[in-house]
Amino acid sequence: EELLNQASTQLKASVPRPRLEAEILLAYVLEQERIWLHLHFHDRVEPKNYFELIQRRVQNEPIEYITGKVSFYGEDFLATPGVLIARPETELLIDHAMTIIERHPEINTIAEIGVGSGIISIILAKKYPHLSFIASDINQKALTLTKANMNLHNIEERISLFHTSLLDTIETPIDMIVSNPPYIANSEPLEAHVLKEPSSALFGGVVGDELLKDIIDLSIKRNISYLICEMGYDQKEPLTAYLKNHGRSATFYKDYSNF
């Protein structure tokens, strides 16, 4: 308990939930679950490097990079520096993708643009073993991490990975695109811990929606029936107009923060 109090004090000025993160990092160092800490508050422990990890967190290194893991959709995934960290809001993207899949049994092949750590494709592949999955990314680190997560979840043969942009070189007929692309404007100020993640997975261009429009163009050009993407909270109007100009329409949903 004394260790946790010291660590919480050090973290207080840097993170919104210092006690929680102190517990997560101590449990990680001790190779225990957090509940174990609460049952052993009076034990004497000498965890190696604990306060080194606390200082890394004070310096805004994401806790997922420090522990090497992230929880998402009730599953554990590996996380490594150089690859975007999965956000809880992306669980909503998966929920909406599942709704479309279950309403349209003609869907056979799903492609993910910007696979990141592989969480979207892996969750969907585990949920729908009868479907085929293709995933691409321009970041080789992302593809390496995705492959490790595929191995972790025992679906190595279920997803075909490609080191490419916007499904270039992939000629397989595709029924649905799912993507959480970079959509932040280049000039948008971000929190320090977010800037520790790869800029190529965050910034979408001068306006921010350039890559989203490229994905829309691609889906139309290749006659792909269904497209589901994350987008910026302020991009509904310009994307609605862009879709209308191309004879298309979309439905929009709000995230957990009501954006």
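Scroll up to find the structure.
Residues numbered from 1 in each chain as written. Predicted model: local features only at pLDDT ≥ 70, side-chain atom pairs only at ≥ 80, totals over all residues. Heavy atoms only, no water.

Contact geometry for helix α2 (residues 18-30) and helix α4 (residues 50-58): axes closest at 10 Å, N-to-C directions at 140 degrees. The orientation of α2 with respect to α4, classified from their angle, is oblique. Our pair here, α2 against α4, has a crossing hand that is right-handed. Mapping the contact onto sequence places Glu21, Ala22, Leu25, Leu26, Tyr28 and Val29 in α2 and Tyr50, Leu53, Ile54 and Arg57 in α4. Residue composition of the contact of α2 with α4, grouped by class: 8 nonpolar, no polar and 2 charged. (Axes fitted to C-alpha atoms, helices over the stretch in contact; angles between N-to-C directions. Helix = DSSP H or I, 4+ residues; strand = E, 2+ residues; numbered from the N terminus. Parallel < 35°, antiparallel > 145°, perpendicular 65-115°, else oblique. Left-handed = near helix turned anticlockwise from the far one by under 90°. Contact = heavy atoms within 4.5 Å. Nonpolar A, V, L, I, M, F, W, Y, C, P; charged D, E, K, R; others polar.)

For residues other than glycine, phi is negative in most cases, and the peptide bonds are mostly trans. A positive phi is found at Leu166, a non-glycine position, where the angle reads about 55 degrees. With respect to the helices and strands, Leu166 occurs in the loop between β5 (159-163) and β6 (176-179). A positive phi is found at Leu167, a non-glycine position, where the angle reads about 65 degrees. Inspection of the secondary structure assignment puts Leu167 in the loop between β5 and β6.

With parallel pairing, the 5 strands of this open sheet are ordered in space as β5-β4-β3-β6-β9. Among the strands making up the open sheet, the edge pair consists of β5 and β9 (226-229). Across this sheet, the average inter-strand angle for adjacent strands is 20 degrees, counted without regard to direction. Here strand β4 (residues 132-137) runs beside β5; their pairing, made up of 5 bridges, is parallel. What sits directly across from Asp137, in β5, is His163. Relative to the sheet, helix α6 (residues 90-103) contacts β3 (109-113), β6 and β9, its axis offset from that of β6 by approximately 170 degrees. The sheet strands contacting helix α8 (residues 140-152) are β4 and β5, and the helix crosses β5 at an angle near 165 degrees. (Pairing = 2+ DSSP bridges.)

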